[in-house]
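What follows is each chain in one-letter form.
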Protein chains: 2
Amino acid sequence: MTQLEKNTEEKIFETAKEVFTEKGYEGARMEDISQRAGINKALLHYYYRTKEKLFNAIFDMVMGEFFENAISMMGSEAPLFKKIELFVDAYITLISKNPHIPNFIINELNRNPERLVTIFKSTPIVKNNAFGKFAEVVQEEIKKGTIEPIEPIQLIINIIGLSLFPIIAKPILMGILFKNDKKKYNEFLESRKKEVAKFVINAIRKK
Amino acid sequence: MTQLEKNTEEKIFETAKEVFTEKGYEGARMEDISQRAGINKALLHYYYRTKEKLFNAIFDMVMGEFFENAISMMGSEAPLFKKIELFVDAYITLISKNPHIPNFIINELNRNPERLVTIFKSTPIVKNNAFGKFAEVVQEEIKKGTIEPIEPIQLIINIIGLSLFPIIAKPILMGILFKNDKKKYNEFLESRKKEVAKFVINAIRKK
DNA sequence: GTCTATACACTGATAGAC
DNA sequence: GTCTATCAGTGTATAGAC
């Protein structure tokens, strides 16, 4: 039970992460963060000096973690179709648990596109070259004639787009298709795991 | 040449549309809008009273227009495959010209989900029931055995997601895949018009 | 480390002259 | 209708006591 009570710095970080990812940089309020964390506003500045530094700490961490997760999912050693099934399932599961993260990252990168450069230096994405490896597998399958010709980049974007879009566009789907019925929306997301994989595999499989 | 000089109210509206769609409600500054419009800050309030009213006017208009456009594209009387090709092409073209709109709408709906309800009352989407008609066409093709069974909703979301995602995620693609090469990114978007249609049709066509 | 009180800057909004 | 000047409110940040 020693660690049940988090120390203040961690508590601030966790709370700020919530607020920033929900509201974005401009929409977030230091007052709001301090209240949710059950502490005083001045303490935020004591630990992180400025709103921007606090935000940066969170953004770097969230973005790095998100990409590492996504990339590592792509690296399984299964054959292509199985790989796709595994990735889609794991990816949708991951984002469902962190539904604000994609928008959070996109919005911040729109405000400040140079951010990507900095982060990539400290992330194993480039070194591992998971995209490259995936592309190779795709090329091999094309040569073998098991799938239709397709540029690996197009395929990767299709897979990610199909997985991600219903979560990014949640408020629209909720309003239009599901009439604010949370349960139906969640069932739909769950159904996407198989649906997307099936759709992608159908699209590329040579019959 | 009589209309080259827009009247002030229109000028404000157009400029505010730019700023709000780029920066979002929280990030937008009345001062910024007035300066870009080449007028005084007080004039904004003279015409629109408050920031929120100005924003609402723009949001309602942008959202309404965007959905009407999207829906009308879905309503062509072509056979299904041709319909998909036409829609994807027109849709990607539309968003390419207004790349900030999707994020703008999604962010605002996250801040204020009830907005959808209001807007739908004054938009011909529900009446025309374009989604419903599209769904019928899909069902017919399934019965005829020309395409694999698929829920129409899943198909629609796949089509929109595949078209929209590369534009929503532009800063990520630009940073990772295209190394900030605008030309390459635009070429990629252009290639998506055929790629997405082909991918979708391959996925559902029964062979 | 944590709090209260407060300084300081910014932004939305209004008053009033022209 | 359009401007300048200014107010009031809010949000970030700091000073200083405990």
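Residues numbered from 1 in each chain as written. Chains lettered and ligands numbered in written order. Predicted model: local features only at pLDDT ≥ 70, side-chain atom pairs only at ≥ 80, totals over all residues. Heavy atoms only, no water.

### Topic: a positive patch on the surface
Operational definition: To count toward a patch, a residue needs a relative accessible area over 30% and no salt bridge; like charges are then connected within 9 Å, while nonpolar side chains (Val, Leu, Ile, Met, Phe, Trp, Tyr) are connected within 5 Å. Using a 1.4 Å probe, accessible areas were evaluated by the Shrake-Rupley method; residue-level cover was limited to the displayed protein chains. Salt bridge, as applied in this entry: a Lys or Arg side-chain nitrogen positioned within 4 Å of an Asp or Glu carboxyl oxygen. We treat Lys and Arg as the positive residues and Asp and Glu as the negative residues; His and chain ends play no part in the count. Where a charge sits is defined by one atom per residue type, namely NZ (Lys), CZ (Arg), CG (Asp) or CD (Glu). Only DSSP runs of H or I with at least four residues qualify as helices, and only runs of E with at least two residues qualify as strands; both kinds are numbered from the N terminus onward. When a residue's accessible area, from a 1.4 Å probe over protein chains only, is under 20% of the maximum for its type it is buried; when over 50% it is exposed; and in between it is partly exposed.
On the surface, a cluster of positive charge is contributed by Arg205(A), Lys207(A), Arg205(B) and Lys207(B). Relative to the helices and strands, Lys207(A) resides in the segment after helix H12 (182–204). On the basis of relative accessible area, Lys207(A) is assigned to the partly exposed category, the value being 46%.

### Description of unusual backbone geometry
All names here are of chain A. Positioned with a positive phi, Arg49 is a non-glycine residue whose angle comes to about 65 degrees. On the basis of relative accessibility, which here comes to 62%, the residue Arg49 falls in the exposed class. Phi at Asn180 is positive, roughly 60 degrees, even though this residue is not glycine. Its location among the elements puts Asn180 in the loop between helix H11 (170–176) and H12.

### A few points about the domain arrangement of chain A
All names here are of chain A. What counts, and what does not: Residue ranges assigned to each domain were obtained from an automatic or database domain assignment. Should any heavy atoms of two residues lie within 4.5 Å, those residues are counted as being in contact. The term buried area denotes the loss of accessible surface (1.4 Å probe radius) that occurs when two parts are joined, taken as the sum for both partners. Pairs of N or O atoms are called polar contacts if they sit within 3.5 Å, as long as, within protein, a hydrogen donor faces a hydrogen acceptor (for residues adjacent in sequence, only side-chain-to-side-chain pairs). Under the convention adopted here, Pro, Cys and the residues Ala, Val, Leu, Ile, Met, Phe, Trp and Tyr are nonpolar, Asp, Glu, Lys and Arg are charged, and Gly plus all remaining residues are polar.
In terms of domains, chain A is made up of domain 1 (1–49) and domain 2 (62–204). The centre of domain 1, based on its C-alpha atoms, is set 30 Å off from the matching centre of domain 2. With 6 residues of domain 1 at the interface, the matching set in domain 2 holds 5 residues. For the pair domain 1 and domain 2, the summed buried surface comes to about 520 Å²; carbon and sulfur atoms form 69% of the total. When residues of domain 1 are sorted by the area they lose upon contact with domain 2, Lys17, Thr21 and Tyr25 head the list and together hold 68% of the total. Arg111 serves as the salt-bridge partner of Glu26, at 3.4 Å between the closest nitrogen and oxygen. Summed over the shared surface of domain 1 and domain 2, the number is 1 residue pair in polar contact (both at pLDDT 80 or more). Along the lines of polarity and charge, the residues of the side of domain 1 that touches domain 2 split into 2 nonpolar, 1 polar and 3 charged.

### Remarks on the interface of chain A and chain B
Listed per partner, the contact involves 47 residues of chain A and 47 residues of chain B. Note on chain A versus chain B: buried area summed over both sides is about 4000 Å², and carbon and sulfur give 71% of it. On the chain A side of the interface with chain B, the three residues burying the most area are Ile157(A), Phe165(A) and Phe199(A), jointly 16% of the side's total. For the pair chain A and chain B, the interface holds 1 salt bridge. Between Glu26(A) and Arg29(B) there is a salt bridge, and its shortest N-O distance comes to 4.0 Å. In this structure, the connection of chain A to chain B is made through 7 residue pairs in polar contact (both at pLDDT 80 or more). Within the residue set of the side of chain A that touches chain B, elements represented by two or more residues are helix H1 (8–27), helix H6 (101–111), helix H7 (115–121), helix H10 (152–168), H11 and H12 of chain A. With 12 residues, the single largest contributor to the side of chain A that touches chain B is H10(A). Looking at the side of chain A that touches chain B residue by residue, the class counts come to 29 nonpolar, 10 polar and 8 charged.

### Focus on the protein's contact with DNA strand D
The following threshold applies: We call a residue near a molecule or strand as soon as one heavy atom of that residue lies within 4 Å of the molecule or strand.
In the region of DNA strand D, 16 residues are neighbours, and Lys41(A), Lys51(A), Thr8(B), Asn40(B) and Tyr47(B) sit closest. Here DNA strand D approaches the protein such that, of its atoms within 4 Å, sugar and phosphate make up 64%. Contacts to DNA strand D include Arg29(A), whose side-chain N or O atom sits 3.0 Å from a phosphate oxygen. Here a phosphate oxygen of DNA strand D and a side-chain polar atom of His45(A) are 3.1 Å apart. Looking at the surface near DNA strand D, the elements that each hand over two or more residues are helix H3 (41–48) of chain A together with helix H3 (41–48) of chain B. When residues of the surface near DNA strand D are assigned to their parent elements, the largest contribution, 4 residues, is made by H3(B).

### Notes on H10(A)
All names here are of chain A. Put simply, the rule is: What a helix should span is 1.5 Å times the count of its residues minus one. The bend reported for a residue corresponds to the angle between axes fitted to the seven residues ending at that residue and the seven starting there.
The end-to-end C-alpha distance of H10, which contains 17 residues, comes to 23 Å, matching closely the 24 Å that a straight helix rising 1.5 Å per residue would cover. The largest bend in H10 amounts to roughly 30 degrees and is located at Leu162, with the proline Pro166 lying one to four residues further along. Across the 17 residues of H10, 16 count as buried, placing the element largely inside the fold.

### Quick notes on the nonpolar core
Let me state the cut-off plainly: The set of buried Ala, Val, Leu, Ile, Met, Phe, Trp, Tyr and Cys residues whose side-chain atoms join them within 4.5 Å is what this entry labels a nonpolar core.
In this structure, Phe20(A), Ile105(A), Phe199(A), Phe20(B), Ile105(B) and Phe199(B) are the most contacted members of the largest nonpolar core, which totals 132 residues. With residues up to four places along the chain from it excluded, the contact list for Ile105(A) reads Phe59(A), Met63(A), Phe66(A), Phe67(A) and Ile172(B).

### Brief notes about the protein's contact with DNA strand C
What surrounds DNA strand C is a group of 17 residues, the closest being Thr8(A), Asn40(A), Tyr47(A), Arg29(B) and Lys51(B). For DNA strand C, the backbone makes up 66% of the atoms found within 4 Å of the protein, where backbone means sugar plus phosphate. Here a phosphate oxygen of DNA strand C sits 2.9 Å away from a polar atom, N or O, in the side chain of Asn40(A). In this structure, Lys51(B) approaches DNA strand C through a main-chain N or O atom, which is 2.6 Å from a phosphate oxygen.

### Here we look at the pattern of salt bridges
All names here are of chain A. For the coordinates displayed, the defined rule picks out 26 salt bridges over all chains. Across the pair Glu18 and Arg36 runs a salt bridge, and its minimum N-O distance is 3.5 Å. Here Glu18 is found in helix H1, whereas its partner Arg36 is found in helix H2 (residues 30–37), with 18 residues between them in sequence. Notably, a salt bridge pairs Glu108 with Arg115, separated by 2.5 Å at the nearest N-O pair. For Glu108, a relative accessible area of 3% translates into the label buried. The class of Arg115 is buried, set by a relative accessible area of 11%.

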